[in-house]
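Structural overview for review
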Amino acid sequence: MAEKVSSQMFPLLPLRGTLVFPYMVTPLEVGRPRSIEAIEQAVVGDGRIVLAAQHHVQTEEPQPEDIYTVGTLCEIKQILKVPEGQVRILVEGLSRVTLEHIDDANGYYEAFVTVVPEIDGEMHSLELEALVRSVQEEFGKYVRLGKKIPAEVLMSVTSIEDPHRLADTIASQLLISFQEKQKLLEIFPVDKRLEAILGLLFREGEILGLEKSIQQRVRKQMEKAQREYYLREQIKAIQVELGERDEKGKTEIEELKDRLQEARLPKEAKAKVLHEIHRLERMPPMSAEATVVRNYIDWMLSLPWSKRTRDRLDLNVAEEMLNEDHCGLDQVKERILEFLAVRQLTKNSKGPILCLVGPPGVGKTSLAQSVGRALNRNFARLSLGGVRDEAEIRGHRRTYIGSMPGRIIQTMRTVGSRNPVIVLDEIDKLASDFRGDPASALLEVLDPEQNSSFVDHYLEVPFDLSEVFFITTANVLHTIPPPLRDRMEVISIPGYTEYEKFEIAKRHLWPKQLEANGLKPEQIQISDNTIYKVINEYTKEAGVRTLERRLGTICRKVATEIVKGQTTSARITVSNLHKYLGVRRYIPTAADREDKVGVATGLAYTQVGGEILTIEVTVVEGKGKLTLTGKLGDVMRESAQAALSYVRSRAAELGIDPKFHETKDIHMHIPEGAVPKDGPSAGITIATALASALTNRPVRHDVSMTGEITLRGRVLPVGGIKEKLLAAHRAGIARVLLPAENEKDLEEVPANILSKMRITLVDHMDQVLAHALHLEAVAPETPAFMLPETPPVGSEQWMGEHEA
Ligand code: ADP
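So, a few notes on the structure that sits alongside this text.

Cut-offs applied
Residues numbered from 1 in each chain as written. Predicted model: local features only at pLDDT ≥ 70, side-chain atom pairs only at ≥ 80, totals over all residues. Heavy atoms only, no water. Phe/Tyr/Trp six-rings, centres within 6.5 Å; stacked < 30°, edge-to-face > 60°. Lys NZ or Arg CZ within 6 Å of the ring centre and 35° of its normal. Helix = DSSP H or I, 4+ residues; strand = E, 2+ residues; numbered from the N terminus. Buried < 20%, exposed > 50% of the residue type's maximum accessible area, 1.4 Å probe, protein only. Contact = heavy atoms within 4.5 Å. Near = heavy atom within 4 Å. Polar contact = N/O pair within 3.5 Å; in protein donor to acceptor, adjacent residues only side chain to side chain. Areas by Shrake-Rupley, 256 points an atom, 1.4 Å probe, with all protein chains shown as cover. Salt bridge = Lys/Arg side-chain N within 4 Å of Asp/Glu carboxyl O. Disulfide = S-S within 2.5 Å. Patch = residues over 30% accessible without salt bridge, like charges linked within 9 Å, V, L, I, M, F, W, Y side chains within 5 Å. Axes fitted to C-alpha atoms, helices over the stretch in contact; angles between N-to-C directions. Parallel < 35°, antiparallel > 145°, perpendicular 65-115°, else oblique. Nonpolar A, V, L, I, M, F, W, Y, C, P; charged D, E, K, R; others polar. Expected span 1.5 Å × (residues − 1). Pairing = 2+ DSSP bridges. Left-handed = near helix turned anticlockwise from the far one by under 90°.

The next subject is the packing of aromatic side chains. Within a pair of aromatic rings, the relevant descriptors are the distance that separates the centres and the angle that separates the planes. If you walk through the whole model with that rule in mind, you get four aromatic pairs. Against the face of Trp299 rests Arg413, its NZ or CZ located 4.2 Å from the ring centre.

Its place among the elements puts Thr169 in helix H4 (residues 163-173). When its relative accessible area of 8% is taken as the criterion, Thr169 is described as buried. Not counting residues within four places of it along the chain, the set of residues in contact with Thr169 comprises Met24, Val157 and Ile160.

Time to look at the site of the ligand. Lining the immediate environment of the ligand, one finds 20 residues, of which Gly361, Lys364, Thr365, Ser366 and Arg545 sit closest. For the ligand, an oxygen atom lies 2.5 Å from a polar atom in the side chain of Thr365. The backbone of Ser366 places a nitrogen or oxygen atom 2.8 Å from an oxygen atom of the ligand. Considering the ligand on its own, with 560 Å² of exposed area, one finds that the protein chains cover 90% of that surface.

The next subject is the pattern of salt bridges. All told, the structure shown has 45 salt bridges when counted by the stated rule. Here Arg96 ties to Asp168 by a salt bridge, and the two come within 2.9 Å at their closest N and O atoms. Pair noted here: Arg96 is in strand E5 (residues 86-103) and Asp168 is in helix H4, with a separation of 72 residues, a long-range link. Residue Arg96 is classed as buried on the basis of its relative accessible area, which comes to 5%. Among the salt bridges present, the one from Arg418 reaches Asp464, with a minimum N-O distance of 2.8 Å. Here Arg418, found in the loop between helix H14 (407-415) and strand E9 (421-425), pairs with Asp464, found in the loop between strand E11 (462-463) and strand E12 (469-474); they are 46 residues apart in sequence, far enough to count as distant. When its relative accessible area of 12% is taken as the criterion, Arg418 is described as buried. Because the salt bridges share partners, they merge into one network encompassing Lys272, Glu276, Arg279, Glu289, Arg398 and Glu460.

All chains considered together, the criterion is met by zero disulfides. No disulfide involves Cys555; its nearest neighbouring cysteine sulfur is the one of Cys327, lying 17 Å away.

Taken together, the side chains of Leu210, Ile214, Val218 and Met222 make up a nonpolar region of the molecular surface, amounting to roughly 380 Å² of accessible area. Exposure remark for Leu210: the relative accessible area of 52% places this residue in the exposed category.

One can describe the packing of helix H2 (residues 125-146) onto helix H3 (residues 151-159) by two numbers: an axis separation of 10 Å at closest approach and a directional angle of 180°. Looking at the two axes, H2 sits roughly antiparallel to H3. Side by side, H2 and H3 meet where Gln136, Phe139, Gly140, Val143 and Arg144 of the first sit next to Val153, Leu154, Val157 and Thr158 of the second. Classifying every residue of the contact of H2 with H3 by side-chain character gives five nonpolar, three polar and one charged.

The next subject is the side chain of Asn475. With respect to the secondary-structure elements, Asn475 resides in the loop between E12 and helix H16 (482-486). A relative accessible area of 9% places Asn475 in the buried class.

Compared with an ideal rise of 1.5 Å per residue, which puts 12 residues at 16 Å, helix H1 (residues 33-44) spans 16 Å between its outermost C-alpha atoms and is within 8% of the ideal. For H1, the secondary structure elements touched by its buried residues are strand E1 (8-15), strand E2 (25-30), strand E3 (48-53), strand E4 (70-82) and E5.

Once that is clear, we can look at the sheet that holds strand E7 (residues 353-357). In spatial order, the strands read E8-E9-E12-E7-E13; together these five strands make up an open sheet with parallel pairing. Two strands close off the open sheet at either side, each with one partner strand: strand E8 (379-383) and strand E13 (488-492). For this sheet, the mean angle separating the axes of adjacent strands, direction not counted, is 25°. Its contacts with the sheet put H14 on E8 and E9, and the angle it makes with E8 is roughly 155°.

With that settled, consider the packing of helix H10 (residues 315-325) against helix H11 (residues 330-346). At a minimum axis separation of 11 Å, H10 and H11 run at an interaxial angle of 155°. In terms of axis orientation, H10 runs roughly antiparallel to H11. Note that H10 runs across H11; the crossing there is right-handed. Residues Leu315, Ala318, Glu319, Leu322 and Asn323 of H10 form the contact with H11, whose own contacting residues are Lys333, Ile336, Leu337, Leu340 and Ala341. A breakdown of the residues in the contact of H10 with H11 according to their chemical character gives seven nonpolar, one polar and two charged.

The next point concerns the environment of Lys677. Tracing the sequence through the fold places Lys677 in the loop between strand E19 (664-669) and helix H24 (683-695). Under the relative-accessibility criterion, Lys677 is labelled buried at 10%. A C-alpha to C-alpha distance of 9.1 Å links Lys677 and Ala604, two positions 73 residues apart in sequence. Setting aside its immediate chain neighbours within four residues, Lys677 contacts Leu613, Gly630, Lys631, Leu632, Gly633, Met636, Ile670, Pro671 and Glu672.

All right, on to the environment of Glu244 then. You can see Glu244 is positioned in the loop between helix H6 (190-242) and helix H7 (252-263). Measuring from C-alpha to C-alpha, the distance between Glu244 and Leu28 comes to 68 Å, with 216 residues separating the pair along the chain.

Before going further, it helps to examine unusual backbone geometry. One non-glycine residue, Leu329, adopts positive backbone phi at about 55°. With respect to the helices and strands, Leu329 occurs in the loop between H10 and H11. For Leu329, a relative accessible area of 12% gives the class buried. One non-glycine residue, Lys631, adopts positive backbone phi at about 55°. Mapped onto the elements of the fold, Lys631 is located in the loop between strand E18 (626-629) and helix H21 (634-649).

The end-to-end C-alpha separation of H24 is 18 Å, in line with the 18 Å expected for 13 residues at 1.5 Å each. Across the 13 residues of H24, 13 count as buried, placing the element largely inside the fold.

Here E3 lies mainly inside the structure; six of its six residues are buried. With burial as the criterion, each face of E3 is covered, one bearing Arg48, Val50 and Ala52 and the other bearing Ile49, Leu51 and Ala53. Bridge analysis of E1 against E3 gives four bridges, and the strand direction is parallel. Looking at the pairing, Pro14 lines up with Ala52 of E3. Direction of pairing for E3 relative to E4: antiparallel, over a ladder of four bridges. Within E4, the position partnered with Arg48 by the bridge is Glu75.

Here it is, written out as C-alpha cells:
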C-alpha cells in the first residue's frame, strides 16, 4: 500500500507518550497551538500529516532534536473541535517515515520525510509463517493473562495473515512504554520486528504470570488472615457465651500466663509451665488430658517458689515465746535455743534436723509449733505414721489419672512460704514394703546436701526445700531407719512427773480449756488437790494429753450447767470430782497390792513411756511343762528360759526340789495379754516370780525391778531408766532394784523424784532375791488370795504427801 514517495514535506505533529503505527486508526487530543496549526495546514493540503513522538513527555516546546527521527505518515480522517481550544482528530497510520529535517519557521513544525517501504527481510517464507503463528499464539496467551485487552482484538489479530499488518497491530496493542514501542517502530524488516515482538511477548507473559502468582499468593495470605481473624472473633464470642472467658474477656490461657508472670518461678520450672500452657491451648478444653494438664499447671503456680517470711532473729524473744507456751522442759528449750543460735551464726540453714523423741502427749508437736512461732515462720504438721509408699512422700508420676504431688509438696502449698517450720510427726512409724521405701525418699527431703533440689515425681522439676526448718518427732528411737537417725539431732523428752504434770495443768492446760469452753476464771475454780486427783486417778500416761482431755470434760460440764441456769459458778473439789468425771478410772497401782507368792513387779519401757509390769507364775504338779502366755515376743520368751535355767542351777541354795523340772508344770503369765510385750529387761523380774512360786516365799509388793538376766545370774543394764523410774513413782512404788551398770542413767532423773525413791543397785540375781523375797515361806496349801491383807501403806503415804 505504501506510495512510492521519496522525500517530501508534511506538517508534523509531535506526540507525547504515545505512537501511531501504520494500519492503526487512533483518536488523538491536540491542544498545543503549533500542533493545531499543523493539523490545519494538513487539512488545507492533502490531509496527510507526519506523527512522531518526542523523547520526553514533559517538553512543552520541543526542538527538532527532541523528536524521534522515525515516525508515521498518517491521514486525518476526522476533526472535532472541542471547547477550550482543543481539537480531537481521528488518524489512520499509512506508513513509516524517517524524518530528514524539521522546520518550524511558519509557526508550526514541518518535516522533510522519506517513506520507508515495507521490507520482508531475509527470512524464509515458511520460517516467517512459523514466526507469525508463534507470535499469534503468544499474543493469545498474553491477552488471556492480562485481561486488559478486549477479546475482539485477539479475534481480529488471529485473522490477520499479512505479517506487516500483524506486527504493527500487535505492537500497538502491547501494554508497554512508548519508548519500547518506538524501538519496534524503528525496526524495518518485518521478520526482525516480529522476533522482537515475540521476545517482548515472552517477557511480558512471564511478568504477567509472576504478577498473577504474586497476586494470588497475597490474596491467599490476606484471605487466610481474614479468615483467622473472623474465626478467632467467633471463638471469643462462643467462649464468652460459655463462660470460659471472664468479665475482662480473658481466657483461661491468658489468665494462666498472667499468673505465671506473678509467680516468679525459677527458670526451669517456668519453661516447663509455659510448655504445658501451650499444650493446654491446643487441647479440647473438656478432654481428660486437658484436666490433667490444667491440674498440673495449677499445682505449679500455687507453690511458694519465691515467697518467704522474715525470720525473727532475736533469741531473747524466741526464748520468751518458748517459755510462754511450755513450762518445764528446760534442757529441751536450751537445746533448741542453742540450735537456733548456731543456725544464725553459720547463716546457712543447713545443719542437722531436730528430732524430738518421747512418749505421746509430752508436747513434742506443740514445742515444734512454738519454734515456728518464735522464729516467726509459718508452721505445718505432716504425720508420717503408716506411710508405706514412697509415692506418698514423692508423689505419683503424671501418667496416673488423678495423680498428685507427694505430701511434702502438698504441705509446701498449704503453708504458702518457702521457709516454714515443718513437723514430721511419728517418723518412727514409717513402714516400707514393695511399693518402695519411703525412708529413702525422706532421706532426700531431710538431707541438706540434697534437698535444695528435691524432685517430686509429679512436678518433674526440682523444688528447693533447703530453707525449710524440719523438726521430726518420734515415740521411740530404735524403729527409725538408721540412715535417717544419723542425720538427726536427737532431743529426748522422757515424760512428766506428777508434779510437772500439775504445773503444766495449772499454768497451761487449765487456762487453755477455760478459754476453749468460753468460761471466765470466776465461773469455775479447781483446787490443787483436785488436779492431783485427776492426774492420779483419771489418767495413766507419760504425757499430758488425757489430762488435758479430762480437764476439758470438767469445763464442758460446768459450761452446760451454767448455760442451763443450774448454777452461776462451780468449785471443783476432791469430793465432787466424780460428778464431773465419773468413777475413778485408775486405782493407783500399788494401792491394791499385797505380798504374794509368784507375783513380781517389773518396770517396762513402752511407746507410751514407762509402765509397771506384773509377772505371775503358778506351779502345779505335772511333768515339767513350761507355758508362757500374755503375748510375749521372742526375746522375752528366751529371757524366761534363761531365768528358769538360772533358778534350776540355784535350786539347792534356794531349797527347791532339784527334780522340780520333772514333777511340776510351770505357767508364767504377764497380764494385759492383748498388748504385745517384748524385750530382755523383764529377766530378773521373771526369775524373781519363778523363785517365789517354787519356794513359796512371797514377793515384797513395794519392790519393783528391771534388768536383764544371764544364765549365771548376772544382772545386765537396760534402757529407759528415767521413764521406768517415773512409772514406778507414778505407781507409788518407792523401792526399785536397778542394774548396777545403770547408775549413770540416774543423773537424768529429776532430783525431786530421786529423793523420794529408794534405789538399790544390784549386779547379781542373788541380791535381787534377797531384796525382793520374804525370808519365810508360807504354807504351800494356802492359796495366794487367802493371804492376810496388809494395808496398802505405800500408796496412802505417797498420796498423802500432796494432800498434806
Ligand atoms: P506429742 O506431740 O508429744 O504427742 P502434743 O504436742 O500433742 O504431744 O501435746 C499434747 C498437749 O499437751 C498439747 O496441748 C500441749 O500444748 C500440751 N503440753 C505438753 N507438754 C507441755 C508443756 N511442757 N507445757 C505446756 N503444755 C504442754
